[in-house]
Amino acid sequence: MSNDNIKLMKGNEALAEAAIRAGCQAYFGYPITPQSEILEYLTDEGRKRGMIVLQAESEVASINMVYGASGAGARVMTSSSSPGISLMQEGLSYIACGELPCLVVNVNRGGPGLGTIQPSQGDYFQATKGGGHGDYRLIVLAPASVQEMADFVFDGFDLADKYRNPVMILTDGALGQMMEKVEFREYDPKDHTPVKPWATTGKPADRPRNIITSLHIQPEKMEEINLHLQAKYRKISETEVRYELMDADDAEFIIVAYGLVARIAHRAVELAREQGIRVGLLRPQTLYPFPSKALTGLAERIQGVLTVEMNAGQMVEDVRLAVEGRVPVEFYGRMGGIIPSPEEIVKALDKLIRKNVAQTAEAY
Amino acid sequence: MSTEILDLIEPEIANMDCVYEKPDTLTDMRLHYCPGCGHGVAHRVLMEVIDELGIAEQTIGVAPVGCSVFAYHYMNIDMQEAAHGRASAVATGIKRIHPDKYVFSYQGDGDLAAIGTAETIHTVNRGENILVVFINNAIYGMTGGQMAPTTLLNMKTTTSPAGRTVETAGFPMKITEMVATLPGAYYVSRNSVHTPNAVRYLKKAITKAFQYQKEKKGTCFIEVVSNCPSGWKMTPLQANKWMEENMFPIYPPGEIKVPK
Ligand SMILES: Cc1ncc(C[n+]2csc(CCOP(=O)(O)OP(=O)(O)O)c2C)c(N)n1
């Protein structure tokens, strides 16, 4: 039996294929490893199936083309990797303020600087705290499998439209390059195309002109816009948090990890459990909004948290804010494109447990 | 204008025959431009052509960062405000989605020939079917009169207080001539708005540009050599005279590239 919806694909290609199936009308991008497959796949397959695909002169240009096309009412996206995403920050700030829906994919590579093309999570702060100037947020989705590389494209476009907000898929080169089975969901873009009465499509005589802008020169007006954005972000935080909890029912310790690292951490959980350590895993699927409440709740009944990331310790700050000192929070990270092994994570877990025991002993 | 003066002249105006009207597509909002500035006239001509061609409902404009950042207050059409230098990239995005609509960007010399040079060149090189209106006043008006890529040699600005020198700042950039060398450029013209005759030429150029856009011929690029009385520290009259005497030799008006 052949099913057109089930395929064996690379993460980057699954993501690109999902974009076509999600009815993405236009893609603007610039080549950079490890995500060029997205541009290449869309240039070939996307164009064949009616997508507008333009290789821009830079990431600065691509994000501003996204701005124009989204403002013109289209479902649009761009993708890049860390240095290119840095170049897009000004544009993203304008897009967030102008409340333009779009999807931006960051296939995170190791930095800072030109860095390395190996996987990294070094762009967590940039992705979740705004990244460009001013008070704004992107909705940030963190896939951990080729399946989610595809799923989060559909979800990302829907969320972008629902909130008129840019959505970022934050992933890495390993997920982009690995091949896995993926099943594309039934999705008819026609059912997911909201009316956009605000779009610049040419002003008919019977409606006032539409203006896409992020310029509000009166401070009172600018504050009003900010309050509106903040209210939107609160609503997003209340409604759109997504995470996966594994082996947590009887857990005394929790590992928090996202994306590729969460897969490795899950193996570490299995190894630790073989040694009798009762540990579970919390895997945020949305990095913004961050699953703070879930973590706060867990912190009431566990003894410690280990955060594992491919960076110098970024998400761990959000973990600490959620745990609020209830239990110790430790961090283990590798940088520069190095992927931590399950054994390293178990070792880091041992350290957390030993420290915990020592602290408890001190307390008595 | 103060309200007292308006109170005085409005009854007079009411008794006069109207022989020259504001185009419908120009809003009633009072322009914020300095007295004598060319932006207002350029806005007017652009809207007048749009009205005459009857394309206001099919036209989407892109306003720049610069003195004309509020262009959308005056142009009664759908518009997008772009980040500094990115107007032609934004226009590209719009045009790709609405290939049958008319799209123009409106940009200053800092916007188009400094921070946005790459976007300008590549938009024209792709032959995007848009109109780029380039207002060259040889200075950064909005930020208070700093040197622009088009600032003339020896011209004084706040960042070339003793006059622009080649040693520190290179040469006045003739980006319009550069753009004209690209095959994607279909029609390139340099105009001005300082005399009624000049306005008529500009009007013709813009009309042609929209016609070519309709026929999907490629990028049309119209430079308007303009003034900046405030930045140049001159009266409007002095500014226009100075422009003719000093700008025109470097940036001579006329059609630079016309269809064969
Ligand atoms: C990224 C960025 N850099 C700098 C500025 C500040 N800025 C605003 S307008 C401008 C120059 C405008 O000059 P020009 O494009 O010649 O237009 P004019 O004001 O003369 O009409 C600058 C530097 C900005 N808004 N954004």
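The structure this text deals with has already been given above.
The structure displayed is predicted, hence computed values, not measured ones.

Conventions we followed
- Residues numbered from 1 in each chain as written.
- Chains lettered and ligands numbered in written order.
- Predicted model: local features only at pLDDT ≥ 70, side-chain atom pairs only at ≥ 80, totals over all residues.
- Heavy atoms only, no water.
- Near = heavy atom within 4 Å.
- Polar contact = N/O pair within 3.5 Å; in protein donor to acceptor, adjacent residues only side chain to side chain.
- Areas by Shrake-Rupley, 256 points an atom, 1.4 Å probe, with all protein chains shown as cover.
- Helix = DSSP H or I, 4+ residues; strand = E, 2+ residues; numbered from the N terminus.
- Core = buried A, V, L, I, M, F, W, Y, C linked by side-chain atoms within 4.5 Å.
- Buried < 20%, exposed > 50% of the residue type's maximum accessible area, 1.4 Å probe, protein only.
- Domains from an automatic or database assignment.
- Contact = heavy atoms within 4.5 Å.
- Pairing = 2+ DSSP bridges.
- Right-handed = clockwise from strand over helix to strand, strands pointing away.
- Salt bridge = Lys/Arg side-chain N within 4 Å of Asp/Glu carboxyl O.
- Phe/Tyr/Trp six-rings, centres within 6.5 Å; stacked < 30°, edge-to-face > 60°.

**Student:** Any chance you could explain the site of the ligand here in plain terms?
**Tutor:** Every one of the 17 residues lining the ligand counts as a neighbour, but B:C67, B:D109, B:G110, B:D111 and B:G141 are closest to it. Near the ligand, the surrounding residues are drawn from chains A and B. The separation between an oxygen atom of the ligand and a polar side-chain atom of B:H39 is 3.0 Å. In the environment of the ligand, an oxygen atom lies 2.8 Å from a nitrogen or oxygen atom belonging to the backbone of B:D111. Relative to its unbound accessible surface of 590 Å², the ligand loses 77% to contact with the protein. Those elements that place two or more of their residues in the shell around the ligand are α5 (109–115) and β5 (139–140) of chain B.

**Student:** Just checking my understanding: could you explain the nonpolar core for this structure?
**Tutor:** A general trend in soluble globular proteins is that nonpolar side chains are found buried together. One finds A:M77, A:V153, A:I255, A:L295, A:V319 and A:L349 to be the most contacted residues of the largest nonpolar core, which totals 147 residues. Per element, the largest residue contribution to this core is ten residues, and it comes from helix α7 (residues 146–163) of chain A. Here this core spans two domains, and each of domain 1 (3–239) and domain 2 (243–363) of chain A adds at least three residues to it. Ignoring anything within four residues of it in the chain, the contact list for A:L295 reads A:V256, A:L282, A:F290, A:V319, A:A322 and A:V323. By size, the runner-up hydrophobic cluster in this structure holds 38 residues, among which are B:Y33, B:V69, B:I77 and B:V193.

**Student:** How should the pairing of strand β7 (residues 166–172) of chain A be read in this particular structure?
**Tutor:** Consecutive side chains along a regular strand alternate between the two faces of the sheet. Residues and elements named next belong to chain A. Of all seven residues in β7, seven are buried; the element is thus mostly enclosed. Pairing of strand β5 (residues 102–108) with β7 involves seven bridges; the strand directions are parallel. Within β7, the position partnered with V107 by the bridge is T171. Relative to β7, strand β6 (residues 139–141) is paired through three bridges, and the arrangement is parallel. Pairing of L141 across the sheet is with I169, part of β7. Read as a crossover between parallel neighbours, the route from β6 over α7 to β7 is right-handed.

**Student:** What is the right way to look at the interface of chain B and chain A in this model?
**Tutor:** By a frequent convention, interface size equals the accessible area lost on bringing the separate parts together. The partner chain A presents 33 residues to the 35 residues of chain B that form the contact. Across the chain B-chain A interface, the total number found is two salt bridges. In this structure, A:E57 and B:R126 form a salt bridge, with 2.8 Å as the shortest nitrogen-oxygen distance. Counting across the interface, chain B meets chain A through 19 residue pairs in polar contact (both at pLDDT 80 or more). At the level of secondary structure, the elements contributing two or more residues to the side of chain B that touches chain A comprise β1 (59–63), α3 (71–74), β2 (78–81), α4 (87–97) and α6 (117–125) of chain B. Top contributing element to the side of chain B that touches chain A by residue count: α4(B), with seven residues.

**Student:** Explain the packing of aromatic side chains here, please?
**Tutor:** What describes a pair of aromatic rings is the distance from one ring centre to the other and the angle between the planes of the rings. Residue and element names in this part refer to chain A. In this structure the tally under the stated criterion is ten aromatic pairs over all chains. Taken together, a centroid distance of 4.8 Å and an interplanar angle of 50 degrees make the contact between F154 and Y187 tilted. With F154 in helix α7 and Y187 in the loop between β8 (179–183) and β9 (211–212), this residue pair connects regions lying 33 residues apart in the sequence. Classification of F154 by relative accessible area gives buried; the value is 0%. A relative accessible area of 12% places Y187 in the buried class. Every member of this aromatic cluster is reached through a ring pair, and the members are Y124, F125 and Y258.

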